[in-house]
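# Results of the structural survey
If you want the building blocks of each chain, they are given just below.
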Amino acid sequence: MTVEIPGQSYRGRFAPSPTGPLHLGSLLAAMGSYLESLRLGGEWLLRMEDLDPPREMPGAADQILRSLEAHGFEWHGPVMYQSDRSEHYLRAISQLQAAGWLFACRCSRRELAKVASQSAGGPVYPGTCRELDLKDQPGRALRVRVPAVELSFHDQLRGRICSKLARDSGDFVVRRRDGLTAYQLAVVVDDAAQNISHVVRGADLLDSTARQIALQRALDLPTPAYMHLPLILGDDGHKLSKQNGARGLDDRHALANLARAFGYLAPDIPSAPEFSGTAEFWAWASSQWQPAALTGRLVFAASASPSA
Ligand code: GLU
C-alpha cells in the first residue's frame, strides 16, 4: 500500500557513499527516489556520504556524479558533501550528550565480536560500558542509550515495521572510536538539514531506520516518509554491491542501463520502447512508474530483469 501524504511536497534524495562507481544496485536506489520526485512533482537532492575516508575510493565521488549526469539525472541545488559538515555533527553530539543520551565506550570491535549476539542488523551491543560512566576521550566511541520500548514506523511498500532497538542493535554508535561520525547520526542530521520529506533507498538499510527515527526523536527533528526498495541479489544470493564486486556501469550504455534498472522497478511493464535520449526515457518511465507494483516484494533476482 502506498500512502500519499496530502499537502506535503516531495523532497527526495540520493545519498551514495563514494566507495566505488555507480553500479546497477545503486542506480536502482537513485532511480526509485528520482521517479518518486518526478511522479509527485517534487525536488531531488544529492548528498555525497564521504565521511569514512578509509572505505572510500579516490575519484569515486566525481565518477558517481558524472555517471548520474550521463544517465540524465537532474538534481536540485548544489551537492552536499558530508566531509564539509563535521561542525553540524559535533553540534548534534553535544545536544545528545547534554540530554543524557550518550555514554563513552572503550570496547573494540574484536572484543565485541566475542560477546555480542547477532541480529538481522548486525551485532547487538551487550551493554558492556553503559553503566561505567567512562570519560569521553580519544579512542573511545560514543553510543546512544537506546530506550527499552518498541518503535514502529510505516514503510510505503512493506507497511508497519516494528523494532525493539534493545534487541535489534542495542546501544549504537554515533561517534566511532577513530573519531569519525557514524553513518546513523550523519544521515539524520543531513536529512533534516536538506529538509527531506521522503527517503527512498535499498532494503539493506531497513534495519537502520528505527535507529534513525530514535535519533530524530532525541534531536527533535522531523521523521520523513520511508520506502525501502527490494534489493537485487547476485547469483550467490547476496545483495549486489560494491563489496561483492558489482561492476561499475558503463556510461556509454546509459539507455540500456536505465532500461535494465527500470525492468526491476516496474516488473509488470513488459519492456521499454526505444529511446533517442535519457530525457525521453525519464518522461516515459515517470509516466509508467507505480511504486504499488512493488508492494510486499523483498528481493529481485539478478536474472529477473527482462533485459538482463
Ligand atoms: N550512503 C548510503 C549507501 O551508499 C545510503 C544512505 C541512505 O540512503 O540513507 O549505502
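Above this note sits the structure.
Residues numbered from 1 in each chain as written. Predicted model: local features only at pLDDT ≥ 70, side-chain atom pairs only at ≥ 80, totals over all residues. Heavy atoms only, no water.

What follows concerns the side chain of Arg201. Structurally, Arg201 can be placed in strand 11 (residues 198–202). Here Arg201 is buried and forms no salt bridge, its nearest opposite-charge partner Asp191 lying at an N-O distance of 5.1 Å. A distance of 3.3 Å separates the side chain of Arg201 from the side chain of Tyr183, its partner in a polar contact. A polar contact is formed between the side chain of Arg201 and the side chain of Thr209, at a distance of 2.9 Å. Ignoring any residue separated from it by four or fewer positions in sequence, one finds Arg201 in contact with Arg13, Tyr183, Val187, Thr209, Gln212, Tyr226, Met227, His228 and Leu229. (Helix = DSSP H or I, 4+ residues; strand = E, 2+ residues; numbered from the N terminus. Buried < 20%, exposed > 50% of the residue type's maximum accessible area, 1.4 Å probe, protein only. Lys, Arg positive; Asp, Glu negative; His and termini not counted. Salt bridge = Lys/Arg side-chain N within 4 Å of Asp/Glu carboxyl O. Polar contact = N/O pair within 3.5 Å; in protein donor to acceptor, adjacent residues only side chain to side chain. Contact = heavy atoms within 4.5 Å.)

Scanning the entire structure with this criterion turns up zero disulfides. With no disulfide partner, Cys107 has as its closest neighbouring cysteine sulfur the one in Cys129, 3.7 Å distant. Judged by its relative accessible area of 9%, Cys107 is buried. (Disulfide = S-S within 2.5 Å.)

Lining the immediate surroundings of the ligand are Arg13, Ala15, Pro16, Ser17, Glu49, Tyr183, Val187, Arg201 and Leu205. For the ligand, a nitrogen atom lies 2.8 Å from a polar atom in the side chain of Ser17. Contact with the protein chains covers 80% of the free accessible surface of the ligand, which is 300 Å². In terms of residue class, the shell around the ligand is made up of five nonpolar, one polar and three charged. (Near = heavy atom within 4 Å. Areas by Shrake-Rupley, 256 points an atom, 1.4 Å probe, with all protein chains shown as cover. Nonpolar A, V, L, I, M, F, W, Y, C, P; charged D, E, K, R; others polar.)

Attention now moves to unusual backbone geometry. Its identity as a non-glycine residue notwithstanding, Asn195 has a phi of 60°, on the positive side. Structurally, Asn195 is set in the loop between helix 6 (183–193) and strand 11. In this structure Asn195 comes out as exposed when scored by relative accessible area, which is 53%. The residue Asp220 is not glycine, and still its phi comes out positive at about 60°.

This part takes up the sheet that holds strand 7 (residues 141–144). In spatial order, the strands read 4-7-10; together these three strands make up an open sheet with antiparallel pairing. The outermost strands of the open sheet, each flanked by one partner alone, are strand 4 (102–105) and strand 10 (173–175). Each strand of the sheet is rotated relative to its neighbour by a mean of 40°, with strand direction disregarded. In this sheet, strand 10 lies alongside strand 7 in antiparallel orientation, the contact comprising two bridges. Note on strand 10: the bridge partner recorded for Arg143 is Val173. (Pairing = 2+ DSSP bridges. Axes fitted to C-alpha atoms, helices over the stretch in contact; angles between N-to-C directions.)

You can see Ala70 is positioned in helix 2 (residues 60–70). Residue Ala70 is classed as partly exposed on the basis of its relative accessible area of 31%. Sequence-wise, Ala70 and Thr278 are 208 residues apart; in three dimensions their C-alpha atoms are separated by 8.3 Å. If near-sequence neighbours (up to four positions away) are discounted, Ala70 is found in contact with Asp251, Ala254 and Thr278.

The subject of this paragraph is the nonpolar core. Ranked by size, the top nonpolar core spans 43 residues in total, and within it Met31, Phe262 and Phe281 carry the most contacts. For this core, the secondary structure elements donating two or more residues are helix 1 (24–39), strand 2 (43–48), helix 2, strand 12 (225–229), helix 8 (254–265) and helix 9 (278–288). Ranked by residue count, the leading element in this core is helix 1, at eight residues. Cys107, Leu112, Val146 and Ile161 belong to the second largest nonpolar core, which has 39 residues in total. (Core = buried A, V, L, I, M, F, W, Y, C linked by side-chain atoms within 4.5 Å.)

Purely geometric stuff here, so don't read any function into it on its own.
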